[in-house]
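Below are the chains, spelled out letter by letter.
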Amino acid sequence: MERYRIVHMGELWLKRNRSDEKTRRKPSGAAVPRADLTEALFRAFFQDWAEHGFAAISLERVAARAGAGKAAIYRRFASRQAFAAAVVSTFGLEIAVAADHGDLEADVLAFLTRLRAVLRHPLIRRILPDLHAEAARSPDMRRLNTQVAEARRAQGTPILDRAIARGELRESIDRELALDLIPASLYWRMVVIGRTPTRAQLAREAAMIVAALQHLGSEAGGSRPPLLR
């Protein structure tokens, strides 16, 4: 039950902590209520990761930041990698709400808007590149990186399914490529280059992604879907 509560508090925590780096106070030393202890540890781990990089995370520092003892970490997680996996699962995978907005372009724009909100968080923008770097060095972190990618794909799949059902895309579309294409340019711009697009730029990006997806579908099926004829 605690796990369920924490997972669904992830998005709220990200919003609440946008100003934490400016107003953070040292732990008072008072015991953290047990119902909030795991969330406090997650938040402390996330912040330490963003500030120091995964290789330099200090569990002692994490515990102190959460106002807890180091034993509280070992009671919950078998390793630093297991701790990281739990943190990413809680705060890093809720990228987009796959609601039906009526057409493919509106669905893609909604996805990009939600992804932009997540990637604007300063901790997320620092942790993701570090996660990719660690994945190149560690099989455990490679699995975690793959977990993040698969979760993102799972949230993009309904967008393709609805577009196919509406006749906007062909069923034969290369799904792997399509699921890479939807978030790729926004991720590159925000995480790699460090620029945040405006709403108008997001709308143009959504229109270009839809055009590319429909071209991709026409190549796979030999002709364009009915909507484009």
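Residues numbered from 1 in each chain as written. Predicted model: local features only at pLDDT ≥ 70, side-chain atom pairs only at ≥ 80, totals over all residues. Heavy atoms only, no water.

1. Side note on a nonpolar patch on the surface
Together, Trp188, Val192 and Ile193 make up a nonpolar patch on the protein surface, roughly 320 Å² of accessible area in all. Topologically, Val192 is positioned in helix 10 (residues 175–193). Looking at Val192, the relative accessible area reads 47%, which means it is partly exposed. (Patch = residues over 30% accessible without salt bridge, like charges linked within 9 Å, V, L, I, M, F, W, Y side chains within 5 Å. Areas by Shrake-Rupley, 256 points an atom, 1.4 Å probe, with all protein chains shown as cover. Salt bridge = Lys/Arg side-chain N within 4 Å of Asp/Glu carboxyl O. Helix = DSSP H or I, 4+ residues; strand = E, 2+ residues; numbered from the N terminus. Buried < 20%, exposed > 50% of the residue type's maximum accessible area, 1.4 Å probe, protein only.)

2. Concerning the side chain of Asn145
When you line up the elements, Asn145 lands in helix 9 (residues 139–166). Those residues in contact with Asn145, other than ones at most four positions away along the chain, are Leu131, His132 and Ala135. (Contact = heavy atoms within 4.5 Å.)

3. Here's the deal with helix 7 (residues 104–119)
Compared with the 22 Å implied by 1.5 Å per residue over 16 residues, the 22 Å span of helix 7 between its first and last C-alpha is a close match. Restricting attention to buried positions, one finds in helix 7 the residues Leu104, Asp107, Val108, Phe111, Leu112, Arg114, Leu115, Arg116, Val118 and Leu119. The N-terminus of helix 7 is capped by Asp103, whose side-chain oxygen sits 3.1 Å from the backbone nitrogen of Glu105. (Expected span 1.5 Å × (residues − 1). Polar contact = N/O pair within 3.5 Å; in protein donor to acceptor, adjacent residues only side chain to side chain.)

4. Some details on the packing of helix 8 (residues 122–135) against helix 10
At a closest axis distance of 9 Å, the pairing of helix 8 and helix 10 adopts a crossing angle of 100°. The pairing of helix 8 with helix 10 is recorded here as roughly perpendicular in orientation. Here Arg125, Leu128, Pro129 and His132 of helix 8 lie close against helix 10, whose contacting residues are Tyr187, Met190 and Val191. Considered class by class, the residues forming the contact of helix 8 with helix 10 number five nonpolar, one polar and one charged. (Axes fitted to C-alpha atoms, helices over the stretch in contact; angles between N-to-C directions. Parallel < 35°, antiparallel > 145°, perpendicular 65-115°, else oblique. Nonpolar A, V, L, I, M, F, W, Y, C, P; charged D, E, K, R; others polar.)

5. Overview of the pattern of salt bridges
Within the structure shown, the criterion is met by 15 salt bridges. The salt bridge involving Arg162 is made with Asp100; its shortest N-O contact spans 3.9 Å. Residue Arg162 is located in helix 9, and its partner Asp100 is located in the loop between helix 6 (80–91) and helix 7; the two are separated by 62 residues in the primary sequence. Here Arg162 and Asp107 are joined by a salt bridge, their closest N and O atoms 3.0 Å apart. With Arg162 in helix 9 and Asp107 in helix 7, this residue pair connects regions lying 55 residues apart in the sequence. In this pair, the class of Arg162 matches that of Asp107, namely buried. Look at the salt bridges and you will find they share partners, linking Asp100, Asp107, Arg162, Arg166 and Glu168 into a network.

6. With respect to the packing of helix 9 against helix 10
Two elements in contact, helix 9 and helix 10, have axes separated by 10 Å at closest approach and are oriented at 110°. When the interaxial angle is binned, helix 9 and helix 10 end up roughly perpendicular. For the pair helix 9 and helix 10, contact is made by Arg152, Arg153, Gly156, Thr157, Leu160, Asp161 and Ile164 and by Arg175, Glu176, Ala178, Leu179, Asp180, Ile182 and Pro183, respectively. By residue class, the composition of the contact of helix 9 with helix 10 is six nonpolar, two polar and six charged.

7. Here we look at helix 8
If you check helix 8, its first and last C-alpha atoms are 21 Å apart, about what 14 residues at 1.5 Å a residue would give, namely 20 Å. All of the buried residues in helix 8 are Leu123, Ile124, Ile127, Leu128, Asp130, Leu131, Glu134 and Ala135.

8. Points about the packing of aromatic side chains
With the rule as written, the count across this model stands at six aromatic pairs. Between Phe42 and Phe77 the ring centres are 5.8 Å apart and the planes differ by 35°, which places this aromatic pair in the tilted class. Linking Phe42 in helix 3 (residues 34–52) with Phe77 in the loop between helix 5 (70–74) and helix 6, this pair joins segments that are 35 residues apart in sequence. Aromatic ring contacts, followed pair by pair, group Phe42, Phe45, Trp49, Phe54, Phe77 and Phe83 into a single cluster. A cation over an aromatic ring shows up here: Arg80 above the ring of Phe54, its NZ or CZ 4.7 Å from the ring centre. (Phe/Tyr/Trp six-rings, centres within 6.5 Å; stacked < 30°, edge-to-face > 60°. Lys NZ or Arg CZ within 6 Å of the ring centre and 35° of its normal.)

9. A word on the confidence of the model for the protein chain
Per-residue pLDDT for the protein chain averages 81, and the proportion of residues at 70 or more is 76%. Within the protein chain, helix 1 (residues 2–16) has the poorest average pLDDT of any element, 45, and helix 4 (residues 59–66) the best, 94. Within the model, the stretch residues 220–229 combines pLDDT values under 50 with 23 contacts to residues more than four positions away or in other chains. (pLDDT = per-residue confidence, 0-100.)

10. A look at the nonpolar core
Among the nonpolar cores identified, the biggest contains 56 residues, and Phe45, Trp49 and Phe83 are the most heavily contacted of them. At nine residues, the largest contribution of residues to this core is made by helix 3. Residue contacts for Phe45: discarding those within four places in its chain leaves Phe54, Ile57, Leu59, Val62, Arg80, Phe83, Ala84 and Val87. (Core = buried A, V, L, I, M, F, W, Y, C linked by side-chain atoms within 4.5 Å.)

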